[in-house]
Amino acid sequence: LGEGSRYSIMLAEAGYGVMAPDSFASKTLGLRYKAPVPFLASRLRQANTKRETLTFWCGNNVYEQDSTCSGAMVNQTGSPSYPLCYESNAPTIASHPDDWRQFYERVFRLR
């Protein structure tokens with residue numbers, strides 16, 4: 001998210017068409033997936049009509065709040081895992097640094 005989504009919002013507000021590729025978008029590929037916010041443009045337009053609900057600095061404007069991308073290397077219960085979702089939890093990574101190093105290298109090459 002971060003800066004890319006903020007630039008997209010500014011460009012759209014200025015009247016430009018914005019196309020933003022999203023590597024989380026395809027549930028059918030089974031690589032990475034997060035559930036998108038339905039009717040995103042309408043939702044952002046409505047949220048940004050009032051100063052107290054502006055979404056410009058929001059950490060997540062694009063995906064459902066409870067949507068996660070569970071990595072295949074993380075022990076899970078009940079939720080699907082995706083091979084290109086990764087973990088940023090330091091203790092988890094420190095517990096198997098060589099495995100995570102190889103994993104991140106593969107994710108980088110695939111991107």
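Student: Help me understand the overall build of the protein, please; the structure alone is not making it clear to me.
Tutor: Scanning the protein from N- to C-terminus turns up 4 helices and 0 strands. The secondary structure elements of the protein, listed N-terminal to C-terminal, are α-α-α-α. Taken over 111 residues, the protein has a buried fraction of 21%. Contacts spanning at least 24 positions in sequence make up 49% of the contacts within the protein whose residues lie at least 6 apart. Total accessible area on the protein is roughly 8,400 Å²; 57% of this is exposed by carbon and sulfur atoms.

Student: Just to check I follow, could you spell out the pattern of salt bridges for this structure?
Tutor: Considering all chains together, one arrives at 1 salt bridge under this definition. The residue Asp-98 makes a salt bridge to Arg-101 at a minimum N-O spacing of 2.6 Å. Remark: Arg-101 and Asp-98 occur in helix 4 (residues 97–110); sequence separation between them is 3 residues, near one turn of the helix. When its relative accessible area of 47% is taken as the criterion, Asp-98 is described as partly exposed.

Student: So what exactly am I meant to see when it comes to a nonpolar patch on the surface here?
Tutor: Judged by side-chain polarity, Leu-11, Tyr-16 and Val-18 come together as a nonpolar surface patch covering roughly 300 Å² of accessible area. In this structure, Tyr-16 sits in the loop between helix 1 (2–13) and helix 2 (40–47). On the basis of relative accessible area, Tyr-16 is assigned to the exposed category, the value being 56%.

Definitions and limits used
Residues numbered from 1 in each chain as written. Predicted model: local features only at pLDDT ≥ 70, side-chain atom pairs only at ≥ 80, totals over all residues. Heavy atoms only, no water. Helix = DSSP H or I, 4+ residues; strand = E, 2+ residues; numbered from the N terminus. Buried < 20%, exposed > 50% of the residue type's maximum accessible area, 1.4 Å probe, protein only. Contact = heavy atoms within 4.5 Å. Areas by Shrake-Rupley, 256 points an atom, 1.4 Å probe, with all protein chains shown as cover. Salt bridge = Lys/Arg side-chain N within 4 Å of Asp/Glu carboxyl O. Patch = residues over 30% accessible without salt bridge, like charges linked within 9 Å, V, L, I, M, F, W, Y side chains within 5 Å.

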